[in-house]
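Close look at the chain arrangement
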Amino acid sequence: MPGLLIPKAELHVHIEGTLEPGLVFACAHRNGIELPFADVEDLRRRYVFDDLQSFLDLYYLAMDVLRTPLDFTEMTDEYLAKASTQGVKHAEIFFDPQAHLDRGVPMEVIVEGLTASLRTSSERFGISTRLIACFLRDKGPEAALATWEALQPHLDVIDGVGLDSAEVGYPPAAFAPVFERARAAGLHLVAHAGEEGPPEYVWQALDVLGVERVDHGIRSVEDAELLRRLSRERTPLTVCPFSNVRLRCVPDLEQHPLPALLDAGVVVTINSDDPAYFGGYVGDNYVGIQRALDLDATAVRELAAHSFQASFVTDEERRALL
Ligand code: HPA
Ligand code: ZN
């Protein structure tokens, strides 16, 4: 079965990164916000990035149109509808609470809006979901702890915590206290590491934060001992090929380190990261990497199998999904 449609789980998608230009303008209009872009085409033309920070600047700017629960619900509905056309049966979705709280949007609005969509995702789209709240590492560990407090009334709908935003200069170890609290509350733990940052950040995510999966993690290829550790412990990497190229972490898909990671025995998964910005959804990433690296059907099946193994679904849920 081609990569586009093969049943898969998506484990690395920022819901705010699924906000398409059309919905940016629709929300702006509804909320009476004047945008610094002339139209949808003008916005789309700006989707050319030098690095992670240049992307984040536009990502945070565009999400300022999200003000009401309906905005969050429509964004999530659009993602799920699109994902369902690309073989996604299960999605573990990130959101960035601080990016909204800091603009004055209350946690209730964010969570109510997201969960209004997620609640009925299985019936409407055939996609089961998990929700992962990410801390913005460039806001620091104290702000992460305050965000953790703000999440307390909503822990019944939060399955895990993660760490994202600008990476270099913000090592994971500083976030040990908030990850310790999330672990004590029984939540799953993941963190972005080794996207732009060095292999040392991946070691810290594993040893200090105790994460179950590493988001991106591609710079692990620079450290043979780290590759052995990831392989031995079967700690998955959620790799995002289009993102890596668009943010210039990798020169092109043909030179993506995915084959080296697979050869080292790492449980690699393919994901979209911020599909509205990076030129495709998760199925498109499968097709792109399949073509660029000339992967055969067995390799694609292996990547899709990894996505379910690396997910947080129970064995029983997995059987029901496939
Ligand atoms: N890296 C870090 N933070 C992010 C990303 C990413 O690729 N996308 C959205 N937030
Ligand atoms: Zn990401």
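Thresholds, definitions, all that
- Residues numbered from 1 in each chain as written.
- Chains lettered and ligands numbered in written order.
- Predicted model: local features only at pLDDT ≥ 70, side-chain atom pairs only at ≥ 80, totals over all residues.
- Near = placed C-beta within 6 Å.
- Nonpolar A, V, L, I, M, F, W, Y, C, P; charged D, E, K, R; others polar.
- UniProt positions renumbered as here; feature names shortened; annotations may be inferred.
- Helix = DSSP H or I, 4+ residues; strand = E, 2+ residues; numbered from the N terminus.
- Contact = placed C-beta atoms within 7 Å.
- Axes fitted to C-alpha atoms, helices over the stretch in contact; angles between N-to-C directions.
- Parallel < 35°, antiparallel > 145°, perpendicular 65-115°, else oblique.
- Left-handed = near helix turned anticlockwise from the far one by under 90°.
- Pairing = 2+ DSSP bridges.

A few words on the site of ligand 1. Taken together, H14, G17, L52, Y59, D164, S165, H192, E195, S243, D273 and D274 make up the full set of residues adjacent to ligand 1. A breakdown of the residues in the shell around ligand 1 according to their chemical character gives two nonpolar, five polar and four charged.

Glancing now at the UniProt feature "binding site: Zn(2+)" (unreviewed entry) in the protein. Residues annotated by UniProt as "binding site: Zn(2+)" (unreviewed entry) correspond here to H12, H14, H192 and D273. Considering the C-alpha atoms alone, the annotated residues occupy 262 residues of sequence yet fold into one spot, their largest mutual distance being 11.7 Å. Its location among the elements puts H14 in strand β1 (residues 8–14). When near neighbours in sequence (up to four residues on either side) are disregarded, H14 contacts F94, D96, D273 and D274. For H192, the location among the structural elements is in strand β5 (residues 188–193). In contact with H192, not counting residues within four places along its chain, are G162, L163, D164, E167, D215 and H216.

Looking now at the packing of helix α8 (residues 140–151) against helix α9 (residues 176–184). Relative orientation of the contacting elements α8 and α9 amounts to 25°, with a least axis distance of 8 Å. By the angle between their directions, the pair α8 and α9 is classed as roughly parallel. Packed against α8, whose contacting residues are P141, A144, L145 and W148, the element α9 presents P177, V178, R181 and A182 at the interface. When the residues that make up the contact of α8 with α9 are grouped by side-chain class, the tally is seven nonpolar, no polar and one charged.

Across the interface, helix α4 (residues 69–84) lies against helix α6 (residues 107–118) with an axial gap of 7 Å and an inter-helix angle of 35°. The chirality of how α4 crosses α6 is right-handed. Here P69, L70, D71, F72, T73, T76, D77 and L80 of α4 lie close against α6, whose contacting residues are V109, I110, E112, G113, L114, A116, S117 and L118. Residue composition of the contact of α4 with α6, by class: nine nonpolar, four polar and three charged.

What follows deals with the sheet that holds strand β4 (residues 160–164). Backbone hydrogen bonds are what pair the strands of a sheet, in a parallel or an antiparallel way. The strand order β1-β2-β3-β4-β5-β6-β7-β8 describes an open sheet built from eight strands, whose pairing is parallel. Each edge of the open sheet carries a strand with a single partner, namely β1 and β8 (268–270). Along the sheet, successive strands turn relative to each other by an average axial angle of 25°, direction set aside. Pairing geometry for β1 and strand β2 (residues 88–95), over five bridges, is parallel. In the strand pairing of β2, E10 is matched with A91. Docked against the sheet, α9 engages β3 (128–136), β4 and β5, running at close to 150° with respect to β5.

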